[in-house]
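The primary structure of each chain is shown beneath.
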Amino acid sequence: AVVSTQSTGRSYRQGTSKTFFNYLLIDPRVADDLGKLSERLDPREVFKRFVKGVFYVGKGKRSRPFAHLQDATQQNKHGVVGPKIRRIRDIWTDGRGVVSLQVY
């Protein structure tokens, strides 16, 4: 059922709140230990390193960010691997995991 909110007049299929979110895929090799480093580094440098670690920005719902990881585990039928999948595989090859940060 579609529900309309009185304050905004907007309707959402799942109720009164949005179900979509934005998400970032982050390379931990670049953004490693920013929490600890933030005590010693200039805030601008911390932000610069954080942004440098982001290699994909997406919009989705539910488990959409993890679909990219699933794609990276499978062979492409055409042999073409895009930069996002290549980066995920490189991170895994280095023994690390991709960081997924959901932003509402």
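Residues numbered from 1 in each chain as written. Predicted model: local features only at pLDDT ≥ 70, side-chain atom pairs only at ≥ 80, totals over all residues. Heavy atoms only, no water.

### Some points on the pattern of salt bridges
Put simply, the test is: Criterion for a salt bridge: a side-chain nitrogen of Lys or Arg within 4 Å of a carboxyl oxygen of Asp or Glu. Only DSSP runs of H or I covering at least 4 residues are called helices, and only runs of E covering at least 2 are called strands; the numbering of each starts at the N terminus. Residue burial is assigned from relative accessible area. The probe radius is 1.4 Å, only protein chains are included, and a residue is buried under 20% of its type maximum, exposed over 50%, and partly exposed in between.
Under the definition given, this model contains six salt bridges. Here Asp 94 makes a salt bridge to Arg 29, at a shortest N to O gap of 2.6 Å. A residue pair is termed long-range when its members are at least 10 positions apart, and Asp 94 in the loop between helix H4 (83-93) and strand S5 (99-103) and Arg 29 in the loop between strand S3 (21-26) and helix H1 (34-37) qualify at 65 residues. Judged by its relative accessible area of 48%, Asp 94 is partly exposed. In this structure, the salt-bridge partner of Arg 49 is Glu 45, at a minimum N-O distance of 3.2 Å.

### Let's talk about the side chain of Asp 27
Our working definition: Throughout this description, a polar contact denotes any pair of N or O atoms lying within 3.5 Å of each other; where both atoms belong to protein, one of them has to be capable of donating a hydrogen while the other can accept it, and for residues adjacent in sequence the pair is counted only when both atoms sit in side chains.
Among the secondary structure elements, Asp 27 is positioned in the loop between S3 and H1. A distance of 2.7 Å separates polar atoms of two side chains, one belonging to Asp 27 and the other to Arg 29. A polar atom in the side chain of Asp 27 sits 2.9 Å from the side chain of Arg 87.

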